[in-house]
Amino acid sequence: MRILLVEDDPMIGEAVATALKDAAYAVDWVRDGMAASHTLEVGEHQAVLLDLGLPGRDGLDVLRRLRQTGASLPVIVITARDSVEDRIKGLDLGADDYLVKPFDIDELLARMRAVIRREGGHAAPLLSNGRVSLDPASREARCDDVAVLLSAREFALLQALLLRPGTILTRAELEERIYGWNEEVESNAVDFLIHGVRRKLGAHVIKNVRGAGWLVDKLA
Ligand code: CA
């Protein structure tokens, strides 16, 4: 899951980026509103954490322009502006949730899990295709009677597939969801992660469609 963090405060940005990486997200961090809008036009992120008071372009303006393009990705506003009017404005412009600084990082992570699963059409906390399930809070994966803990990147891989059971994801699409801008991706990195998940849960869990990519079955 690839997250765009938009935050001009270096200390808050560093703390949030580190916590997100520890929680198995791929994170790209921009520090002004213009860079945020340009990055969002590319469309490589699955969720946005958006500060409102930003140099270049105000966060509310970034949000308004994003929604005008029809983009539906989840946006959580994180801001020191705690007036009721600002909160209402943010939500009316298409924010999915709102956190007022200073916030607890665990609460931020819980809210992210909630907006991300709603975006995927899943109301339940577990991601599942009817046989394989994944708990985004603990990173535990289950298949039949096997329960294992996945590494951060194995989790990111299986999460990407389980958010769209029955849909083939290409190597490039998987890499985009697992790695951020500054991370070097070895050519066989995806194969290595798939091998790791299959070894822990069973070879049948992730299917390969030769020349196309990988998927998990849609069973439920
Ligand atoms: Ca700010």
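Scroll up to find the structure.
On a predicted model such as this, the values are computed, not experimentally measured, just so you know.

### Observations regarding empty space enclosed by the protein
- Per the stated rule, a full pass over the model turns up one cavity of 30 Å³ or more.
- Along the walls of the largest cavity sit Ile3, Ala47, Val48, Leu49, Pro74, Val75, Ile76, Met112 and Val115, which together make up its complete lining.
- Secondary structure elements with two or more residues in the lining of the largest cavity: β3 (47-50), β4 (75-79) and α5 (105-119).
- At three residues, the largest contribution of residues to the lining of the largest cavity is made by β3.
- Partitioned by chemical class, the residues of the lining of the largest cavity number nine nonpolar, no polar and no charged.

### Quick notes on the sheet that holds strand β7 (residues 132-135)
- If you walk across this open sheet you meet the four strands as β6-β7-β8-β9, and the pairing is antiparallel. Bordering the open sheet on either side are β6 (127-128) and β9 (146-149), each of which pairs with just one other strand.
- Inspection of the sheet shows β6 paired to β7 by two bridges, in the antiparallel sense. Bridge pairing in β7 links Leu127 to Leu134.
- Here helix α6 (residues 152-162) sits on the sheet and contacts β6, β7 and β8 (140-143); the angle it forms with β7, its principal contact strand, is near 120 degrees.
- Contacts between helix α8 (residues 189-201) and the sheet are confined to β7, β8 and β9, with β9 contributing the most and set at about 140 degrees to the helix.

### As for the pattern of salt bridges
- Inspection of every chain in the model, using the stated rule, returns 16 salt bridges.
- The salt bridge partner of Asp144 is Arg131, with a shortest N-O separation of 2.7 Å. With Asp144 in the loop between β8 and β9 and Arg131 in the loop between β6 and β7, this pair connects stretches of sequence that are 13 residues apart.
- Relative accessible area serves as the criterion here: at 38%, Arg131 is assigned to the partly exposed category.
- A salt bridge links Asp191 to Arg171; the nearest nitrogen and oxygen atoms lie 2.7 Å apart.

The rules behind the values
- Residues numbered from 1 in each chain as written.
- Predicted model: local features only at pLDDT ≥ 70, side-chain atom pairs only at ≥ 80, totals over all residues.
- Heavy atoms only, no water.
- 1 Å grid on protein atoms, 1.4 Å probe; cavity = no way out; pocket = protein on both sides within 12 Å on 5 of 7 lines; lining within 4 Å.
- Points joined across faces, edges and corners; volume = space filled by probe spheres on them.
- Helix = DSSP H or I, 4+ residues; strand = E, 2+ residues; numbered from the N terminus.
- Nonpolar A, V, L, I, M, F, W, Y, C, P; charged D, E, K, R; others polar.
- Pairing = 2+ DSSP bridges.
- Contact = heavy atoms within 4.5 Å.
- Axes fitted to C-alpha atoms, helices over the stretch in contact; angles between N-to-C directions.
- Salt bridge = Lys/Arg side-chain N within 4 Å of Asp/Glu carboxyl O.
- Buried < 20%, exposed > 50% of the residue type's maximum accessible area, 1.4 Å probe, protein only.

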